[in-house]
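Structural overview for review
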Amino acid sequence: MQNLYSAVIDFFKNAPRPVVVHEPHFSENEKKYVLDCIETGWVSSVGSYVDRFERDLSLYTDAYAIPVVNGTAALHLALILAGVKSGDEVLVSDLTFVATANAVHYCHAIPHFVEVDKETFAVDPEKLDQYLMTLKNHPKFLIVTHIFGNPAHIKTLSEVCDKYGIVLIEDAAESLGSYVDGKHTGTFGKVSALSFNGNKIITTGGGGAVLTTDKDMADRAKHLSTTAKVADPYSHRHDMVGYNYRMPNINAALGCAQLEKLPEFLEYKKQLAVCYKELFKPFDEVEFVKSSQRTISNYWLNNILTSSESARNNFIDRLAEEKIFCRGLWSPMSSLPMYKNCPKMDTQVAYDLCARTVSLPSSAMLRQYVKTE
Ligand SMILES: *Cc1c(COP(=O)(O)O)cnc(C)c1O
């Protein structure tokens, strides 16, 4: 029988090197729309593509979507809009990208780290509930990150939030195209964030969006992201401290073309996940991380769990020799120097998953090169 490494190397036999974790894919319309911005001069924060991207995203997610400069800025605005104020504590998963915790810090608030479950890698609803029961003064906000596009247990988490009067915010940066019960991720909380960074399922170069089903909140998001400028034909006037976070038209031009391709990317990614599942089936030393049967994942990144931290490192090193580049997961937020003194519950599952997870090459276009039989 083949060993694990030879099977993985064989799997990528026909893929051009280097094979990376995630790369964007562009075709004709990206060039056409960006060129149109350059030729007409509409490259900055006003233009037809940014309006179209806003509409297209809104139709796709069935929510109001306000395009901004990146996912981190979207998170920052989402927290402000949710009502996070200086000194507030915000429950944040210990396993997330650093931007989630940073956005809390930008509001002069304090992240309070919580445990994840092994199935979704996202906040564990039961453990959160048990933990909240032990707190006299619990935080009034929770941000849930949908990890790798695999939806969190968002409905149960929403019930826990209702029980304690907690405002739910979603970090849906990785989950464009992921649904729970027919609803797009990022539409369960009061307000959420998407990202279109270069490594996400679609990209605008840099970009993000605030997502909300609340019209008033959407209007405030747009106002805050456009320097709080008041419509006035004669003078420049701003009625509060706003932010220069509006997505430029040239980035939105890329986004419009990428959204056209999203259904195809989703299909390729789903097929790639099926191929990976088959690939790892014979090998007991690794466990392929499956997405839940009850939700629809966008299959943004495929992952395996190795048996230990050193097994993870060996796996990454061994494949890097073949120019197949995998990647470990983030370090837990509570292990980072700037957040190590923040309040937290026991997060040993998060620490264990962080040490053993390997993210596999998952670009949509990889599907056409990998072995299927
Ligand atoms: C990518 C990402 C972000 C931040 O998005 P940027 O557009 O890079 O600022 C936030 N949270 C998570 C979970 C992400 O993966």
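Use the structure listed above.
Let me sum up the structure you'll find in this document. (Residues numbered from 1 in each chain as written. Predicted model: local features only at pLDDT ≥ 70, side-chain atom pairs only at ≥ 80, totals over all residues. Heavy atoms only, no water.)

Topic: the overall build of the protein
The condition that has to hold: Secondary structure elements are taken from DSSP: a helix is a run of H or I of four residues or more, a strand is a run of E of two residues or more, and numbering for both begins at the N terminus. As a reference, a globule follows 2.2 Å times the number of residues to the power 0.38, and the radius of gyration itself is taken over C-alpha atoms. Relative accessibility thresholds used throughout: buried, under 20% of the residue-type maximum; exposed, over 50%; partly exposed, between the two (1.4 Å probe, protein chains only). Whether two residues touch is decided by their heavy atoms; if any such pair falls within 4.5 Å, the residues are in contact.
Within the protein, the secondary structure is distributed over 11 helices and 14 strands. Computed over its C-alpha atoms, the radius of gyration of the protein comes to 21 Å, within 12% of the 21 Å expected for a compact globule of 373 residues. When the backbone C-alpha atoms are referred to their principal axes, the protein occupies close to 75 × 60 × 35 Å. Looking at the protein residue by residue over its 373 residues, the buried ones come to 56%. In the protein, the proportion of contacts linking residues at least 24 apart, taken out of those at least 6 apart, comes to 72%.

Side note on the state of the cysteines
Covalent bonding between the sulfur atoms of two cysteines defines a disulfide. Selection criterion: By disulfide we mean two sulfur atoms from cysteines, separated by a distance within 2.5 Å.
Scanning the model with the defined rule gives zero disulfides in all. In this model Cys-37 remains outside any disulfide bridge; the closest cysteine sulfur is found in Cys-256, 8.6 Å from its own. Classification of Cys-256 as buried rests on a relative accessible area of 1%.

Thoughts on the packing of helix H6 (residues 125-134) against helix H7 (residues 154-164)
Spelled out, the test is: Simply put, an axis is a line fit to the C-alpha atoms, just over the touching stretch for a helix, and the angle between two N-to-C directions goes from 0 to 180 degrees. Under this scheme an angle from 65 to 115 degrees is roughly perpendicular, one under 35 degrees roughly parallel, and one over 145 degrees roughly antiparallel; angles in between are oblique. In this scheme, a crossing is called left-handed if the near helix is turned counterclockwise away from the far one by less than a right angle; it is called right-handed if the turn is clockwise. Ten residue types, Ala, Val, Leu, Ile, Met, Phe, Trp, Tyr, Cys and Pro, are classed as nonpolar, four, Asp, Glu, Lys and Arg, as charged, and the remainder, Gly among them, as polar.
Running from amino to carboxyl end, H6 crosses H7 at an angle of 15°, the nearest separation of the two axes being 9 Å. Judged on the interaxial angle alone, H7 and H6 are roughly parallel. The way H6 lies across H7 gives a crossing that is right-handed. Judged by residue contacts, Pro-125, Glu-126, Leu-128, Asp-129, Leu-132 and Met-133 of H6 engage Thr-156, Leu-157, Val-160, Lys-163 and Tyr-164 from H7. Classifying every residue of the contact of H6 with H7 by side-chain character gives seven nonpolar, one polar and three charged.

What to know about the environment of Ala-273
Along the chain, Ala-273 turns up in helix H9 (residues 249-280). Assessed through its relative accessible area of 5%, Ala-273 is described here as buried. The sequence separation of Ala-273 and Leu-301 amounts to 28 residues, and the corresponding C-alpha distance is 8.7 Å.

A look at the pairing of strand S1 (residues 64-68)
To keep it simple, the criterion reads: DSSP bridges decide pairing: two strands pair if at least two such bridges lie between them.
In terms of residue burial, S1 counts as a mostly covered element, since four of its five residues are buried. As paired elements, S1 and strand S9 (residues 208-212) share five bridges and run antiparallel to each other. Residue Val-68 lies in a different strand from S9, and its bridge partner there is Gly-208.

Some details on the nonpolar core
The condition that has to hold: By nonpolar core we mean a set of buried residues, namely Ala, Val, Leu, Ile, Met, Phe, Trp, Tyr and Cys, connected to one another through side-chain atoms within 4.5 Å.
With 42 residues, the main nonpolar core has Phe-53, Leu-57, Leu-95, Leu-176 and Phe-196 as its most contacted residues. Secondary-structure elements contributing two or more residues to this core are helix H2 (28-40), helix H3 (48-61), S9, H9 and helix H11 (348-356). No other element matches the eight residues that H9 contributes to this core. Excluding residues within four positions of it along the chain, Leu-57 makes contact with Ala-65, Leu-176, Leu-194, Phe-196, Ala-209 and Leu-259. Of all hydrophobic cores here, the second largest spans 36 residues; its members include Ala-78, Ala-82, Phe-113 and Tyr-245.

Notes on the sheet that holds strand S4 (residues 141-145)
An order of S1-S9-S8-S5-S4-S2-S3 is seen for the seven strands of this open sheet, with the pairing classed as mixed. Every other strand in the sheet has two partners, leaving S1 and strand S3 (110-114) as the edge strands with one partner each. Going across the sheet, the axis of each strand differs from the next one's by a mean of 25°, ignoring polarity. Lying on the sheet, helix H4 (residues 71-82) is in contact with S1, S4, strand S5 (167-171), strand S8 (191-195) and S9; it crosses S8 at an angle near 175°. In the packing of helix H5 (residues 98-106) onto the sheet, the strands contacted are strand S2 (89-93), S3, S4 and S5, and the crossing angle to S3 comes to about 145°.

Side note on the environment of Val-98
Turning to its location among the elements, Val-98 is positioned in helix H5. Residues within four places of Val-98 in sequence aside, it is in contact with Met-333, Leu-336, Met-338 and Tyr-339.

Focus on the site of the ligand
This is how the line gets drawn: Throughout, near means a residue has at least one heavy atom within 4 Å of the molecule or strand. Definition of a polar contact: a pair of N or O atoms within 3.5 Å, with one able to donate and the other able to accept a hydrogen when the atoms are protein atoms, and with sequence-neighbouring residues admitted only if both atoms are side-chain atoms. In short, Shrake-Rupley with a 1.4 Å probe defines the accessible areas, and a residue's cover is counted only from the protein chains shown.
Residues in contact with the ligand amount to 14 residues; listed here are only the nearest, Gly-71, Thr-72, Glu-174, Ser-195 and Lys-200. One of the side-chain N or O atoms of Asp-171 is found 2.8 Å from a nitrogen atom in the ligand. When the ligand is considered free in solution it has 380 Å² of accessible area, and contact with the protein chains removes 92% of it. Partitioning the shell around the ligand into residue classes produces four nonpolar, seven polar and three charged.

Brief notes about the side chain of His-184
Assignment of secondary structure puts His-184 in strand S7 (residues 183-184). In this structure His-184 comes out as buried when scored by relative accessible area, which is 2%. What His-184 contacts, discounting residues up to four positions off in sequence, is Tyr-60, Thr-61, Ser-175, Leu-176, Gly-177, Ser-178, Tyr-179 and Leu-211.

Considerations on the pattern of salt bridges
As a reminder of what qualifies: When a carboxyl oxygen of Asp or Glu lies within 4 Å of a side-chain nitrogen of Lys or Arg, that pair is called a salt bridge.
This structure, assessed with the given rule, holds 19 salt bridges. Residue Asp-51 is joined to Arg-246 by a salt bridge in which the shortest nitrogen-to-oxygen separation is 3.8 Å. Placement of Asp-51 in helix H3 and of Arg-246 in the loop between helix H8 (215-225) and H9 is noted, with a sequence separation of 195 residues between them. Among the salt bridges present, the one from Lys-118 reaches Glu-287, with a minimum N-O distance of 3.2 Å.

Comments concerning the packing of H3 against H9
Axes are the key here: two packed helices are described by the angle between their axes and the distance separating the axes. For the pair H3 and H9, interaxial distance at closest approach is 7 Å and the crossing angle is 30°. Here H3 is positioned roughly parallel relative to H9, judged by the angle of their axes. Here H3 runs over H9; the crossing is left-handed. Residue-level contacts link Ser-48, Tyr-49, Val-50, Arg-52, Phe-53, Asp-56, Leu-57 and Tyr-60 of H3 to Asn-249, Ala-252, Ala-253, Gly-255, Cys-256, Leu-259, Glu-260, Leu-262 and Leu-266 of H9. Its residues assigned to classes, the contact of H3 with H9 shows 11 nonpolar, three polar and three charged.

Shape descriptors only; they carry no functional weight alone.
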